[in-house]
2 protein chains.
Amino acid sequence: MALKYSRQREAIKEFVMTREDHPTADEVYMNVRQEFPNISLGTVYRNLTLLSDMGELLRLRVGDGVDRFDAATHPHYHFICQECGSVEDLNVPIMDDFNTHAGQGFKGQILSHSAQFYGKCANCLKTNS
Amino acid sequence: MALKYSRQREAIKEFVMTREDHPTADEVYMNVRQEFPNISLGTVYRNLTLLSDMGELLRLRVGDGVDRFDAATHPHYHFICQECGSVEDLNVPIMDDFNTHAGQGFKGQILSHSAQFYGKCANCLKTNS
DNA sequence: TTTCAAATTAGTAATGATTACTGATACCAT
DNA sequence: ATGGTATCAGTAATCATTACTAATTTGAAA
């Protein structure tokens, strides 16, 4: 029941916090493996889920079928590059009145929303025509 | 190369078109099976993918790990009930200036967005307190 | 500091959604 | 009617994720 410290969990959390992009469980696994050569993928998943449940990480589903993890736990929007698939945070305020707009003529109750933006990232813009 | 008619594909398309909700591949499978008792799940997936690629259906990923299919192919937002998981279309115009808002201070190019709204559907609102 | 129950781990097996493969069948232009 | 090819049913494979288990860590109390 009580949460106990674990070096693995700490390393996983540290790693995600150093990243600006949004690593997948497998990417976390590959990297934490440099410090803990025989950590198992299951341990990575279990701790990522645990940290997300505790609110220390954000579990992200941008629609490519893989879960990503984000150390920026405040609500924010995401950009997904259609060329390279990279995921970036967008630093604009959440549009709360978007909920009201969307709720016009809707009989249920809207409490929140999430949004993803698509296009070309700065890198892909300069690389190709 | 050339597309050939198939009774199974037609039945799959017909079924999705009659539905207001957003059936998963398995739900399509269960229902089309009444007309084609030994249709295979692979056939359902192949045709749903094919129809989506042709633009006759929309493949939806609302973040619950299952793909859903939507016969309403015009761009629109979706509502997901946090109680029962049901998915509904929202009939409000797409907010195109949302792209501009989100792009403030962003170095890439934003071309489109998708959004999901969360809360309680009309049914769940009246069922419980 | 030793002890010991409980939490965590590594390793592996299981699950669930989706895709790929294969030999048989259905479609359709000739 | 026939032949070429798209599609099918059935099944195996893949991929991300979760569950299981015996062994190891952790931390608080003796």
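Residues numbered from 1 in each chain as written. Chains lettered and ligands numbered in written order. Predicted model: local features only at pLDDT ≥ 70, side-chain atom pairs only at ≥ 80, totals over all residues. Heavy atoms only, no water.

1. Thoughts on the environment of Cys124 of chain A
Here is step 1: Relative to the helices and strands, Cys124 of chain A is located in helix α5 (residues 122-127).
Here is step 2: Residues Cys124 of chain A and Glu83 of chain A, spaced 41 residues apart in sequence, show a C-alpha to C-alpha distance of 6.8 Å. (Helix = DSSP H or I, 4+ residues; strand = E, 2+ residues; numbered from the N terminus.)

2. Overview of the packing of aromatic side chains
Here is step 1: For the structure on display, the rule yields nine aromatic pairs over all chains.
Here is step 2: Aromatic pair Phe79 of chain A and Phe106 of chain B: ring centres 4.5 Å apart, planes at 50 degrees, arrangement tilted. In this pair, Phe79 of chain A is assigned in strand β3 (residues 77-81) and Phe106 of chain B in the loop between α4 (97-102) and β5 (109-120), connecting two distinct chains.
Here is step 3: Measuring from centroid to centroid gives 5.7 Å for Tyr77 of chain B and Phe117 of chain B, while their planes differ by 70 degrees, and the two rings are edge-to-face. Separated by 40 residues along the polypeptide, Tyr77 of chain B in strand β3 (residues 77-81) and Phe117 of chain B in strand β5 bring together distant segments of the chain.
Here is step 4: A relative accessible area of 0% means that Phe117 of chain B is categorised as buried.
Here is step 5: Each residue in the set Tyr77, Phe98 and Phe117 of chain A together with Tyr77, Phe98 and Phe117 of chain B is aromatic and connected to the rest through ring pairs, giving one cluster. (Phe/Tyr/Trp six-rings, centres within 6.5 Å; stacked < 30°, edge-to-face > 60°. Buried < 20%, exposed > 50% of the residue type's maximum accessible area, 1.4 Å probe, protein only.)

3. Here we look at the domain arrangement of chain A
All names here are of chain A.
Here is step 1: Domains assigned within chain A are domain 1 (7-70) and domain 2 (77-128).
Here is step 2: Inter-centroid distance (C-alpha atoms) of domain 1 to domain 2 is 23 Å.
Here is step 3: Listed as interface residues are six residues of domain 1 and, on the opposing side, seven residues of domain 2.
Here is step 4: Here domain 1 and domain 2 share an interface that buries about 530 Å² over both sides, 55% of which is from carbon and sulfur atoms.
Here is step 5: Counting across the domain 1 and domain 2 interface gives zero salt bridges.
Here is step 6: Taken together, domain 1 and domain 2 are joined by three residue pairs in polar contact (both at pLDDT 80 or more).
Here is step 7: Its residues placed into classes, the side of domain 1 that touches domain 2 shows two nonpolar, one polar and three charged. (Domains from an automatic or database assignment. Contact = heavy atoms within 4.5 Å. Buried area = accessible area lost by both parts, 1.4 Å probe. Salt bridge = Lys/Arg side-chain N within 4 Å of Asp/Glu carboxyl O. Polar contact = N/O pair within 3.5 Å; in protein donor to acceptor, adjacent residues only side chain to side chain. Nonpolar A, V, L, I, M, F, W, Y, C, P; charged D, E, K, R; others polar.)

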